2 protein chains.
Amino acid sequence: MQGPDRPADHAGLRKANLALVLRALRSDGPQSRARLARMTGLNKATMSSLVAELEQRRLVRLGAVVGGAIGRPGQLVELRPRTVCGIGLEANVDYAAVAVLDLSGDLVLHRRVPTDVAGLGAVGAIDLLAGLAAEARRTVEAMGGWVAGVTAAVPGLVDVDGGVVRFAPNLRWRNAAVVDQLSASLDLPAGRIAVDNDANLSAVAEHVTGVAAGATDLLYLTGEVGVGGGVIADGRLLRGATGFTGEVGHMPLDPSGADCGCGRKGCWETQVGLGALLRSVAEEGDPIRDPSLDLEKRLATIVSRAREGDKRTLAALERIGAALGVGASILVNILNPAAVVLGGYFAVLADWLIAPAERELTARVVATGAEQPGACRLLPSDLGFTAAVRGGAYAAMEHVLTDPTLAPVPAPGNRWELVPAQSTVDSRR
Amino acid sequence: MQGPDRPADHAGLRKANLALVLRALRSDGPQSRARLARMTGLNKATMSSLVAELEQRRLVRLGAVVGGAIGRPGQLVELRPRTVCGIGLEANVDYAAVAVLDLSGDLVLHRRVPTDVAGLGAVGAIDLLAGLAAEARRTVEAMGGWVAGVTAAVPGLVDVDGGVVRFAPNLRWRNAAVVDQLSASLDLPAGRIAVDNDANLSAVAEHVTGVAAGATDLLYLTGEVGVGGGVIADGRLLRGATGFTGEVGHMPLDPSGADCGCGRKGCWETQVGLGALLRSVAEEGDPIRDPSLDLEKRLATIVSRAREGDKRTLAALERIGAALGVGASILVNILNPAAVVLGGYFAVLADWLIAPAERELTARVVATGAEQPGACRLLPSDLGFTAAVRGGAYAAMEHVLTDPTLAPVPAPGNRWELVPAQSTVDSRR
């Protein structure tokens, strides 16, 4: 319990005020010092001192000069690009990935490695992630930047506080000590390395950027082998009592349905997961069902066939879209989000999935029956397969947004200059 | 956006500090002024002045004298019972109800009127509620108390800001202007009259008191004709983008199932709502299915039959318990609550419903498959059919907990004395 006039210690107050300025710049863009002072309720002298410290720590820089209608012209303070960065990692069934974002949210680097991650086992897969993180860090440091933290996304039940993936059915991981293994090979304090559920991190990314950015209530659905959900409610990630919210893939919608990776039958992901899609659109032997081929290429083939009007493809997409809508209607009735953001393959095939899904949603969501402006939009993500890694990178930057004094002050005579970033997108095979 | 050292105006700060003291007393019970000062971070002189004002407004009183191990003995400050009260109302399919709680959470008055509310139409039913509220207010004022506000609970989609029930399928209400009609007949500012969803208000009551009190993540399920859900997530009521969370009764769990009040087929409430129970346990013509008899008596008959081992009754309860567990598993997978509190008839028949429901829950909740301490408990509410009205009364008291200066200072020479409360529970027929 904290009283409104409880005296905070000086260092704590300073840290909180530095954080306040960074968050104001992140949410509202570049500002003059005078405007920052008004926004935060701090006085101008304090603001000048805070901005000077943030500049020294290379978190902000002074940019364009603006002349206001009233008063002296001032320089805009902006988040410094390509300096302080967060690294996001992802292990999924058939790929591993890394992304680096800078403080302003720009994608500095993204690399996706299609490979049979499940076949590597947990230790092998985490090694692959550690290698991707080390490589990304070298890139950041070569351009004069500093890594605030690393957060890995995994499709499964994650004990965030313990840094352990408890159970990832589609990866076949149990009790994988992701944070311990990553910190053993990365020279970063363990407190700045984390692991979280992929759908949670994707929801964070969609909340910050993307098609539903800023919506205080949104649901993100992963369209992968497993179908997971990440929920932003009232502007915050919904975690639940033990951190296991959003296990939407295992809603029992068809008691006589197909076997699921979780050991049950007829779960929603047996109807709308990536496996269901591939089985539904093509016969065995069709290259679409060849797991040795890159998923993006196989999805592109499905898109071509749908565009050409191939009947089997269209019927399968119609069926999957309807099943997507039935499950989404349950989630919308429970959570009442402003938008459901469709990720993974759902976004790639959105042109064919959204119409049948919306028909089911309109028919089943109680709030739309009230002729209310409560209608929820189904929106394909425009972050592609990068939502989870971006969310990881955002989460990794939270360390410095909460305590900006973590960012080191460069030694005198060792003032980094801003160099152009290496932004690479790499895809094997 | 508010800076940590933004200067608040004096009156605003005073109000916030008065509220802080009230909330501290509510969450932690009676305290000495010295301890209150430590808890809130305020100095002792300020605390003495705040307590004096709260005493003058009859929100607190000075109670027992305690002698501490260190320092002078002091009097305990406690919330004053039976003075400032909140009124909760409820319109449900076959009853209307009112409850009065005082600041300390004691039930001062509860009255439940079994009647065909749906048959009255919205205007008639709201008139009935207004009458119950006026009667409750007279009781409060006769004992020297003051009414902080009135909040009505309705099973339907509620536009809380507008004070309108958009759609209550089982009451057959559409766009019922509950707040306008109540304020026209109650002499209270409209800002202190509200309407909210019954499951939301029940969840609030369960969060404050009852079997899962204090759980930061809980789900309340109404066991009425309709089945609604109220969600407390991270200590706060989950409202969603447009206030329509928790519409759990219409999960489409059986496409070939029975017709639902919402116009669809096979919704969860057609399997586990009160109507399904009554049809399932008894033939037509059985008094259990006679809507002119009091529901509590009919439920008592079902309990007797189950106790006597009546096979039809037991088989029906087993079936309904399993269906309850299947639906609850979806909700637990999505929301990850620490407890699901079962209200209404679910609580009355919990002895027979919980075992089959828990079997389904254990089989279907993904987090339990991880051998995690994430297991969610199914708990019968001990608030009986009073959860929603209690939640309404708590919500109505929020006005004075947010701004204690709303509570009037009695005129000099008109100092109310504490009189014993009339606590009545009344049930017609």
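Just so you know, these numbers come straight off a predicted model, no measurement behind them.

1. Remarks on the layout of surface pockets
Where empty space is left becomes clear once a probe the size of a water molecule has been rolled over the atoms. Residue and element names in this part refer to chain A. As a volume, the largest pocket reaches approximately 580 Å³. What lines the largest pocket is a set of 26 residues, and nearest its centre among them are Val93, Val225, Leu274, Gly275 and Leu278. Elements supplying a minimum of two residues to the lining of the largest pocket: strand S6 (107-114), helix H7 (268-272), helix H8 (274-281) and helix H9 (295-307). Among the elements that line the lining of the largest pocket, the one with the most residues is H8, at five residues. Considering only residue class, the lining of the largest pocket consists of 11 nonpolar, five polar and 10 charged. Each of two domains, domain 2 (84-202 + 386-427) and domain 3 (213-382), supplies a minimum of three residues to the lining of the largest pocket.

2. With respect to the side chain of Asp198 of chain A
All names here are of chain A. Secondary-structure assignment places Asp198 in helix H6 (residues 198-208). The buried charged residue Asp198 lacks any salt bridge, with Arg239 as its nearest oppositely charged partner at 11 Å. Residues within four places of Asp198 in sequence aside, it is in contact with Asn92, Ala153, Val154, Pro155, Thr222 and Ala388.

3. Focus: the domain arrangement of chain A
Residues and elements named next belong to chain A. When its domains are assigned, chain A resolves into domain 1 (10-79), domain 2 (84-202 + 386-427) and domain 3 (213-382). Contacts between the two partners involve 14 residues from domain 1 and, on the opposite side, 20 residues from domain 2. When the buried surface of domain 1 facing domain 2 is broken down by residue, Arg26, Arg57 and Arg58 rank first, second and third, together holding 42% of it. Linking domain 1 to domain 2 there are three salt bridges. The partner of Arg23 in a salt bridge is Glu398, and the shortest N-O contact between them spans 3.1 Å. One can count five residue pairs in polar contact (both at pLDDT 80 or more) joining domain 1 with domain 2. At the level of secondary structure, the elements contributing two or more residues to the side of domain 1 that touches domain 2 comprise helix H1 (10-28) and helix H3 (44-56). With six residues, H1 is the largest single contributor of residues to the side of domain 1 that touches domain 2. Split by residue class, the side of domain 1 that touches domain 2 holds six nonpolar, one polar and seven charged.

4. Structural notes on the pattern of salt bridges
Evaluated as defined, the whole model comprises 35 salt bridges over all chains. When the shortest N-O distance is used, the salt bridge between Arg236 of chain A and Asp234 of chain B registers 3.3 Å. A residue pair is termed interchain when its members come from two chains, as with Arg236 of chain A in strand S14 (residues 236-237) and Asp234 of chain B in the loop between strand S13 (229-233) and strand S14 (236-237). Residue Glu318 of chain A is joined to Arg359 of chain A by a salt bridge in which the shortest nitrogen-to-oxygen separation is 2.5 Å. Pair noted here: Glu318 of chain A is in helix H10 (residues 311-335) and Arg359 of chain A is in helix H12 (residues 350-364), with a separation of 41 residues, a long-range link. On the accessibility criterion, Glu318 of chain A (39% relative accessible area) is partly exposed. Looking at Arg359 of chain A, the relative accessible area reads 49%, which means it is partly exposed. Through salt bridges that share partners, Arg14, Glu53 and Arg57 of chain A make up one connected network.

5. Description of the UniProt feature "domain: HTH marR-type" (unreviewed entry) in chain A
Taken from the UniProt record, the annotation "domain: HTH marR-type" (unreviewed entry) applies to residues 20-63 of chain A. The span residues 20-63 of chain A is 68% helical and 14% strand by assignment, and the distance between its end C-alpha atoms comes to 19 Å.

6. So, helix H14 (residues 387-402) of chain A
All names here are of chain A. Over its 16 residues, H14 runs 22 Å from end to end, which matches the ideal 22 Å to within 8%, given 1.5 Å per residue. Where burial is concerned, most of H14 is hidden: 12 out of the 16 residues are buried. Among the residues of H14, Ala387, Ala388, Val389, Arg390, Gly391, Gly392, Ala393, Tyr394, Ala396, Met397, Val400 and Leu401 are the ones counted as buried.

7. Overview of the sheet that holds S13 of chain B
Residue and element names in this part refer to chain B. Read across the sheet, five strands follow the order S14-S13-S12-S15-S16 without closing on themselves; strand pairing throughout is mixed. Strand pairing shows two members of the sheet lacking a second neighbour, S14 and strand S16 (377-380), which therefore form its edges. Inspection of the sheet shows strand S12 (residues 218-221) paired to S13 by four bridges, in the antiparallel sense. If you follow Leu219 over to S13, its bridge partner there is Val231. Packing of helix H10 (residues 311-335) onto the sheet brings it into contact with S12, S13 and strand S15 (339-342), and relative to S12 it is tilted by some 150°.

8. Section: the confidence of the model for chain A
Residues and elements named next belong to chain A. On average, residues of chain A carry a pLDDT of 88, and 90% of them reach 70 or more. Long-range and interchain partners of residues 1-8, a stretch whose pLDDT sits below 50, account for 17 contacts in this model, where long-range means more than four residues apart. Below a pLDDT of 50 lies the segment residues 369-373, which in the model reaches 10 contacts outside its immediate sequence neighbourhood of four places, other chains included.

9. What to know about the packing of H10 of chain B against helix H12 (residues 350-364) of chain B
All names here are of chain B. Contact geometry for H10 and H12: axes closest at 7 Å, N-to-C directions at 40°. Of the possible angle classes, the one that applies to H10 and H12 is oblique. Regarding H10 and H12, the two cross each other, and that crossing is right-handed. Tallied by class, the residues present in the contact of H10 with H12 amount to 13 nonpolar, four polar and four charged.

10. Describing the pairing of strand S10 (residues 173-176) of chain A
Along any regular strand the residues' side chains alternate between the sheet's two faces. Residues and elements named next belong to chain A. As judged from the three bridges shared by strand S9 (residues 164-168) and S10, these two strands associate in the antiparallel manner. Across the sheet, the residue bridging to Ala168 is Trp173, located in S10. Taken together, S9 and the strand that follows it, S10, pair antiparallel across an intervening segment of four residues, in which Arg172 is found at a positive phi of about 60°.

Scoring rules and cut-offs
Residues numbered from 1 in each chain as written. Chains lettered and ligands numbered in written order. Predicted model: local features only at pLDDT ≥ 70, side-chain atom pairs only at ≥ 80, totals over all residues. Heavy atoms only, no water. 1 Å grid on protein atoms, 1.4 Å probe; cavity = no way out; pocket = protein on both sides within 12 Å on 5 of 7 lines; lining within 4 Å. Points joined across faces, edges and corners; volume = space filled by probe spheres on them. Helix = DSSP H or I, 4+ residues; strand = E, 2+ residues; numbered from the N terminus. Nonpolar A, V, L, I, M, F, W, Y, C, P; charged D, E, K, R; others polar. Domains from an automatic or database assignment. Buried < 20%, exposed > 50% of the residue type's maximum accessible area, 1.4 Å probe, protein only. Lys, Arg positive; Asp, Glu negative; His and termini not counted. Salt bridge = Lys/Arg side-chain N within 4 Å of Asp/Glu carboxyl O. Contact = heavy atoms within 4.5 Å. Buried area = accessible area lost by both parts, 1.4 Å probe. Polar contact = N/O pair within 3.5 Å; in protein donor to acceptor, adjacent residues only side chain to side chain. UniProt positions renumbered as here; feature names shortened; annotations may be inferred. Expected span 1.5 Å × (residues − 1). Pairing = 2+ DSSP bridges. Axes fitted to C-alpha atoms, helices over the stretch in contact; angles between N-to-C directions. pLDDT = per-residue confidence, 0-100. Parallel < 35°, antiparallel > 145°, perpendicular 65-115°, else oblique. Left-handed = near helix turned anticlockwise from the far one by under 90°.

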